[in-house]
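# Remarks on the overall topology
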Amino acid sequence: MPRTAQVPEIPFIGTLQRDAGPLSRQLAQAMRDAVARGELKPSEPLPSTRALAEALGVSRGTVVEAFDQLVAEGIFSAQQGAGTRVAAALDRSPSPRQRERKTVKLPTKAKAFANITKEFAALPPVPFAVSVPAGAAGPNEVWRKLGNRLRGGDAAPAGYSEPQGVLALREAIADYLRRSRSVHCEPHQVVITTGTQQGLFLSCQVLLEDSDAVWVEDPAYRGITAILESIGSQDRIVHVPVDEEGMDVAAGVGMDAHARVAFVTPSHQFPLGMPLSMGRRRALLAWAKTNQSWIVEDDYDSELRYAGHPFPALQGLAPEQVIYLGTFSKILYPSLRLGYAVVPDALVDAYVGARILIDRYPPTADQHVLAAFIKEGHLDRHIRRVRGVHAERRTFVIETLQRFIAPDLAWLQPSDQGMHLVLWLADGLDDREVAAVGREAGVALRPVSPMYAGRKAPSGLVLGFGGFEDKAIEQAARKLAEILKNLTK
Ligand SMILES: Cc1ncc(COP(=O)(O)O)c(C=O)c1O
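Residues numbered from 1 in each chain as written. Predicted model: local features only at pLDDT ≥ 70, side-chain atom pairs only at ≥ 80, totals over all residues. Heavy atoms only, no water.

Now for the packing of helix 8 (residues 196–207) against helix 9 (residues 222–230). Between helix 8 and helix 9, the shortest axis-to-axis distance is 10 Å and the interhelical angle comes to 35 degrees. For the pair helix 8 and helix 9, the crossing hand works out as right-handed. Along the contact surface, helix 8 presents Gln 197, Leu 200, Phe 201 and Cys 204, while helix 9 presents Gly 223, Ile 224, Ile 227 and Leu 228. Across the contact of helix 8 with helix 9, the residue classes tally to six nonpolar, two polar and no charged. (Axes fitted to C-alpha atoms, helices over the stretch in contact; angles between N-to-C directions. Helix = DSSP H or I, 4+ residues; strand = E, 2+ residues; numbered from the N terminus. Left-handed = near helix turned anticlockwise from the far one by under 90°. Contact = heavy atoms within 4.5 Å. Nonpolar A, V, L, I, M, F, W, Y, C, P; charged D, E, K, R; others polar.)

Counting through the fold element by element, Lys 330 comes out in the loop between strand 9 (322–327) and strand 10 (339–342). Buried charged residue Lys 330 carries no salt bridge. Nearest counter-charge: Asp 301, at 5.8 Å. Of note is the side chain of Lys 330, whose polar atom sits 2.8 Å from the side chain of Ser 131. If near-sequence neighbours (up to four positions away) are discounted, Lys 330 is found in contact with Val 130, Ser 131, Tyr 300, Asp 301 and Met 419. (Buried < 20%, exposed > 50% of the residue type's maximum accessible area, 1.4 Å probe, protein only. Lys, Arg positive; Asp, Glu negative; His and termini not counted. Salt bridge = Lys/Arg side-chain N within 4 Å of Asp/Glu carboxyl O. Polar contact = N/O pair within 3.5 Å; in protein donor to acceptor, adjacent residues only side chain to side chain.)

Summed over all chains, the structure comprises eight aromatic pairs. A centroid spacing of 6.4 Å and a plane angle of 75 degrees characterise the contact between Trp 143 and Tyr 333, whose relative ring orientation is edge-to-face. Of this pair, Trp 143 sits in helix 6 (residues 140–151) while Tyr 333 is found in the loop between strand 9 and strand 10, placing the two residues 190 residues apart along the sequence. Here Trp 143 falls in the buried class, since its relative accessible area comes to 13%. With centroids separated by 5.7 Å and ring planes inclined at 80 degrees, the aromatic side chains of Phe 270 and Tyr 300 adopt a geometry described as edge-to-face. (Phe/Tyr/Trp six-rings, centres within 6.5 Å; stacked < 30°, edge-to-face > 60°.)

For an α-helix, the turn length of 3.6 residues means that residues three or four places apart are oriented alike. Where burial is concerned, most of helix 9 is hidden: eight out of the nine residues are buried. The complete set of buried residues in helix 9 reads Arg 222, Gly 223, Ile 224, Thr 225, Ala 226, Ile 227, Leu 228 and Ser 230. Taken together, the buried residues of helix 9 touch helix 5 (108–119), helix 8, strand 4 (214–218), strand 5 (237–243) and strand 7 (261–264). Remark: Gly 232 follows helix 9 within two positions and exhibits a positive phi of approximately 80 degrees.

Looking now at the sheet that holds strand 5. Spatially, eight strands are ordered 3-10-9-8-7-4-5-6 in an open sheet, and the strand pairing comes out mixed. At either margin of the open sheet sits one strand with a lone partner, and together these are strand 3 (190–193) and strand 6 (246–247). Strand direction decides the pairing type here: strand 4 and strand 5, joined by five bridges, are parallel. Pairing of Trp 215 across the sheet is with Val 238, part of strand 5. Against the sheet, helix 12 (residues 348–359) touches strand 3 and strand 9, its axis set at about 20 degrees to strand 3. (Pairing = 2+ DSSP bridges.)

In structure tokens:
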């Protein structure tokens with residue numbers, strides 16, 4: 001039937017369902033959609049509320065309510081004596097579809113953040129993704145029990161809590177760090193974070209002025225260099241080379257002695273794996289003291305040392321100079337999103353203030369569960385057990401890679417801790433290309449070259465070895481060997 005101004009056609013509404021929420025809301029949404037699709041045109045008259053109610057088999061009040069809502073949203077207009085129409089103004093504004101199609105000019109920062117999303121996309125939990133928890137060796141059962149026990153008490157939802165973090169957890173962490181990592185700290189210095197990534201972000205917020213130079217290791221964890229780039233500090237990043245003793249402090253002094261902050265991974269250089277030697281530790285601390293600079297110690301996986309005891313934290317040698325960052329992502333679960341910063345007294349309020357502005361604090365229920373987990377001895381037991389599991393996984397991955405991959409194509413960087421290995425690739429093999437082909441073939445690989453500052457970065461892969469079955473590791477190693485062979489031809 002042709003549409004006329006006098007006899008408006010009943011628009012196609014679809015079916016309204018009595019058990020799917022208020023009918024007036026469903027009707028309003030259906031008419032909104034009809035306008036968006038262009039089925040109801042600007043200025044087009046609408047049927048009377050009575051006619052529409054009859055056609056749809058609903059009460060007139062339901063239709064009136066839906067019309068009123070759309071008039072309030074500016075989608076319909078109602079004039080005394082002239083009935084209700086689709087608003088004329090919609091003629092000039094693009095429909096939501098048209099809007100979607102238009103390319104939006106993004107601010108430079110938005111583009112940079114969008115690239116981070118691609119770069120940090122989580123790898124599927126297949127070999128050789130990093131930080132995959134130790135499967136059956138995980139403390140899932142204890143965790144569930146503690147959660148159930150605490151749910152009715154401390155871990156029950158309550159009002160706003162302490163932004164620095166739950167006191168019981170700060171006490172447990174301070175105690176654990178004093179005895180196992182030689183960290184000097186009291187609970188009032190511990191700030192609970194959502195992981196080391198947030199600790200790094202907070203440190204950049206709190207410690208850096210616009211013009212400050214910053215030391216980072218070369219190669220470095222992209223989680224820190226990407227933050228510095230995102231806050232516009234890229235021209236002030238001093239990429240201090242790493243050799244077999246870790247960060248070359250003398251080289252850093254030669255490049256820029258007046259940097260405000262040095263970001264380091266002294267227990268287990270990321271990604272290469274060597275510890276910072278005692279000589280370099282002393283040199284770094286002496287530099288920081290003379291220059292009144294801060295050191296941010298990222299201690300992401302030192303619990304997992306397989307030959308001998310974990311190295312003591314750098315923080316223990318200079319508690320007033322060092323901000324110590326730790327995480328439960330490696331040793332427990334990355335999905336927990338719980339970590340901590342141990343900060344010198346003078347910085348506690350600043351870190352807590354910055355913390356409040358980001359997200360106030362992490363949800364408290366898991367903080368209570370984790371506090372009980374540490375205080376009741378489960379963490380120590382879990383670390384002992386998981387160290388054995390990872391050591392065994394690591395040996396198996398090393399042997400399997402050596403079995404399948406010819407040593408002239410790829411070779412392993414020596415290391416004795418953590419949850420990953422670095423596999424160097426022969427000249428001519430591009431690590432980004434290998435990672436991309438690997439992804440297609442179902443092998444999770446991270447290229448090393450983006451972690452270097454210089455253009456002539458060596459080519460290599462970061463390989464995680466946590467939580468995978470023998471068979472999956474063998475299959476992945478075989479596929480990787482095949483990929484390397486094919487790309488060498
Ligand atoms: C060197 C290093 N630092 C920090 C982190 C961040 O860990 P999270 O934010 O999960 O605690 C990671 C994660 O892989 C890492 O490898």
